[in-house]
Amino acid sequence: RMATVLLCAIILGYAIARSRRFGGSGWLVVALTPPAWFLIGVVGTSGVEIALVSLALVEAVGRFHGHADDSASLARVAVPLAICLLLRPAAVIDVVAVALVLIPTVRRPLARRDMAMIALPLVVAGAATLAWNRWTGLVVSDRRTADTDSLVTAVRRSLGGIPTTAHQAIGALGWNEFYAPAIAQLVWLAALAFAVYSVFVLTPARLWHVRWAVAALLLPTLIEIIIHRRIGGIWQGRYSIAFAMAGVLYAARAVSPSRAVMRGIVIAASAAEVVTLWHTLRRFMVG
């Protein structure tokens, strides 16, 4: 557990250092939902994946601030995502979340060098994952959870579960065993609202959060429909944390708010995380 925390701290520290180039470190801190902070402290790949996605998002947002013509910056976005794919093939959802941020910065028509910088790390990771899964005989099915209902029923059930999934991404701790205090969830939602306002008022990408919301809410449904006969409706909110972070961190493409405003947001988010930590400790020590 300590090794996991140390590795995540190194990656997040590097991401914060990179985000300071364009004044995005405050946005990065508040973008992490309470479940993201929780998962950083558990044994497993989830925390490392969250830290790597935050780094990829920082590099993608940084391209709005004078780095859009730098092909090497595309590799700095793709490499963390490639490592995520090696850790967990389902991290393809992370690729989609980061792509929403990255696409507006890519030059058109897409230069061959730019394409290589984006594609090469992901292709290598994808090929290695396929080879490993074939060698280990991975079976993507489970009769215990597989769904035998009709496609229409599966679609209806998946769409009906969207509010639960969104709530889990913002507040679920453990493996959906308990939730962060309501105040912590409200603080993160307030940060998202402020991010949406900043993007709408200060950038030309006024409809970006509309596209973000559609992708974040409907992509899990699409995935569940594709695999519902094999595995069933298995989507949980922690799989959507990458989208949650992107929704807040994208605001860093705009001109940063005043230092006092940003300091207030970071202090509120930090206080919310301390309250969540206390709540978590009490949950595990008292029950």
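Below you will find a few notes about this structure. (Residues numbered from 1 in each chain as written. Predicted model: local features only at pLDDT ≥ 70, side-chain atom pairs only at ≥ 80, totals over all residues. Heavy atoms only, no water.)

**Some details on the overall build of the protein chain**
For the record, the criterion: Numbering of helices and strands runs from the N terminus; a helix is a DSSP stretch of H or I covering at least four residues, while a strand is a stretch of E covering at least two. We take the radius of gyration over the C-alpha atoms and set the globule estimate at 2.2 Å times the residue count to the 0.38 power. Exposure classes here rest on a 1.4 Å probe applied to the protein chains alone. A residue is buried below 20% of its type maximum, exposed above 50%, and partly exposed in between. Residue contacts follow a heavy-atom distance rule, with two residues in contact if any of their heavy atoms lie within 4.5 Å.
From N to C terminus, the protein chain includes 13 helices and two strands. Over its C-alpha trace the protein chain gives a radius of gyration of 19 Å, about what one expects of a compact globule, namely 19 Å for 287 residues. For the protein chain, the spread of C-alpha atoms along the three principal axes comes to 55 × 55 × 40 Å. Looking at the protein chain as a whole, 46% of its 287 residues are labelled buried. Within the protein chain, contacts between residues at least 6 apart in sequence are counted, and of these 82% link residues at least 24 apart.

**A word on a nonpolar patch on the surface**
Formally: Exposure above 30% relative accessible area and the absence of a salt bridge qualify a residue for a patch, where like charges join within 9 Å and nonpolar side chains (Val, Leu, Ile, Met, Phe, Trp, Tyr) within 5 Å. Only the protein chains shown count as cover for residues, and the accessible areas themselves come from Shrake-Rupley with a 1.4 Å probe. The rule for a salt bridge is simple: a side-chain nitrogen of Lys or Arg has to be within 4 Å of a carboxyl oxygen of Asp or Glu.
There is a patch of nonpolar side chains on the surface, built from Leu-159, Leu-207, Val-210, Val-214, Leu-217 and Leu-218 and spanning about 520 Å² of accessible area. The element that contributes the greatest number of residues to the nonpolar patch is helix α11 (residues 208-227), accounting for four residues. In this fold, Leu-218 is placed in helix α11.

**Points about the environment of Asp-70**
Tracing the sequence through the fold places Asp-70 in the loop between α4 (46-62) and α5 (71-87). Note: C-alpha distance between Asp-70 and Asp-114 (44 residues apart in sequence) is 8.7 Å. The contact partners of Asp-70, leaving out residues within four places of it in the chain, are Arg-63 and Arg-76.

**Observations concerning the pattern of salt bridges**
Within this structure, the stated rule accounts for eight salt bridges. Close ionic contact of Glu-49 with Arg-88 constitutes a salt bridge, the shortest N to O distance being 2.9 Å. Within this pair, whereas Glu-49 is found in helix α4, its partner Arg-88 is found in the loop between α5 and α6 (92-102), the two being separated by 39 residues in sequence. Relative accessible area serves as the criterion here: at 19%, Arg-88 is assigned to the buried category. In this structure, Glu-177 engages Arg-283 in a salt bridge whose closest nitrogen and oxygen atoms are separated by 3.5 Å. In this pair, Glu-177 sits in the loop between β1 (172-173) and β2 (178-179) while Arg-283 sits in helix α13 (residues 259-285), placing the two residues 106 residues apart along the sequence. The class for Arg-283 is partly exposed, based on a relative accessible area of 29%. Members of the salt-bridge network, linked through shared partners, are Arg-18, Arg-21, Glu-59 and Arg-76.

**Considering the packing of helix α10 (residues 182-202) against α13**
Put simply, the rule reads: Here an angle of 0 to 180 degrees is reported between the N-to-C directions of two axes, which are lines fitted to C-alpha atoms, with helices fitted over the stretch in contact. Every angle not falling under 35 degrees, over 145, or within 65 to 115 is termed oblique; those three ranges are roughly parallel, roughly antiparallel and roughly perpendicular. By definition, turning the near helix anticlockwise from the far helix through less than a right angle yields a left-handed crossing, and turning it clockwise yields a right-handed one. Each residue is assigned to one of three groups, with Ala, Val, Leu, Ile, Met, Phe, Trp, Tyr, Cys and Pro labelled nonpolar, Asp, Glu, Lys and Arg labelled charged, and all others, Gly among them, labelled polar.
Interaxial distance between α10 and α13 falls to 8 Å at its minimum, and their mutual angle equals 155°. Taken as axis vectors, α10 and α13 run roughly antiparallel relative to one another. Considering the relative orientation of α10 and α13, their crossing is left-handed. Side by side, α10 and α13 meet where Ile-183, Ala-184, Val-187 and Phe-194 of the first sit next to Val-261, Ile-265, Ala-268, Ala-269, Ala-272, Val-275 and Thr-276 of the second. Considering only residue class, the contact of α10 with α13 consists of 10 nonpolar, one polar and no charged.

**Let's talk about the packing of helix α1 (residues 2-19) against α4**
Their axes nearest at 9 Å, the elements α1 and α4 cross at an angle of 10°. On the basis of their axis angle, the class for α1 and α4 is roughly parallel. Together, Thr-4, Leu-7, Cys-8, Ile-11, Leu-12, Tyr-14, Ala-15, Arg-18 and Ser-19 of α1 and Gly-47, Val-48, Ala-51, Leu-52, Ser-54, Leu-55, Val-58 and Glu-59 of α4 make up the contact between the two elements.

**Structural notes on the nonpolar core**
Across soluble globular proteins, you tend to see nonpolar side chains buried next to one another. For clarity, the cut-off: Take the buried residues of types Ala, Val, Leu, Ile, Met, Phe, Trp, Tyr and Cys, join any two whose side-chain atoms come within 4.5 Å, and each joined set is a nonpolar core.
By size, the foremost hydrophobic cluster in this structure holds 75 residues, and its most contacted members are Trp-27, Phe-243 and Leu-249. Looking at which element gives the most residues to this core, the answer is α4, with 11 residues. When sequence neighbours within four positions are dropped, the list of residues in contact with Phe-243 reads Ile-93, Val-96, Ala-97, Leu-100, Trp-212, Ala-215, Ala-216 and Leu-219.

**Topic: the environment of Ile-170**
Counting through the fold element by element, Ile-170 comes out in helix α9 (residues 162-171). Distance from Ile-170 to Ile-241, taken between C-alpha atoms, is 7.7 Å for residues 71 residues apart in sequence. Excluding residues within four positions of it along the chain, Ile-170 makes contact with Thr-33, Pro-34, Pro-35, Gln-185, Trp-188 and Leu-189.

**Quick notes on the packing of aromatic side chains**
Condition: Geometry of aromatic contacts follows a simple scheme: Phe, Tyr and Trp rings, the Trp one being its six-membered ring, pair when their centres are within 6.5 Å, and the pair is stacked under 30 degrees between planes, edge-to-face over 60, tilted otherwise. Here, a charge over a ring is recorded when the distance from Lys NZ or Arg CZ to the ring centre is within 6 Å and its angle to the ring normal is within 35 degrees.
For the structure on display, the rule yields seven aromatic pairs. Following the ring pairs from residue to residue traces out a cluster consisting of Phe-38, Phe-178 and Phe-284. In this structure, Arg-283 packs its charged tip against the face of Phe-284, placed 5.2 Å from the ring centre.

**Quick word on the side chain of Thr-276**
This is how it is decided: By the criterion applied in these results, polar contacts are pairs of N or O atoms within 3.5 Å in which, for protein atoms, one can donate a hydrogen and the other can accept it, and in which residues neighboring in sequence qualify only through two side-chain atoms.
Among the structural elements, Thr-276 can be located in helix α13. Among the residues examined, Thr-276 registers a relative accessible area of 4% and is labelled buried. Among the polar contacts listed, one links the side chain of Thr-276 to the backbone oxygen of Ala-272, at a separation of 2.8 Å.

**Overview of unusual backbone geometry**
The linkage connecting Arg-108 with the following residue, Pro-109, adopts the cis geometry, with an omega of 0°. Summarising the element assignment, Pro-109 is placed in the loop between α6 and α7 (112-136). In this model, Asn-176 sits at a positive phi of 65°, which is unusual for a non-glycine residue. Relative to the elements of secondary structure, Asn-176 occurs in the loop between β1 and β2. Residue classification places Asn-176 among the partly exposed residues on the basis of a relative accessible area of 26%.

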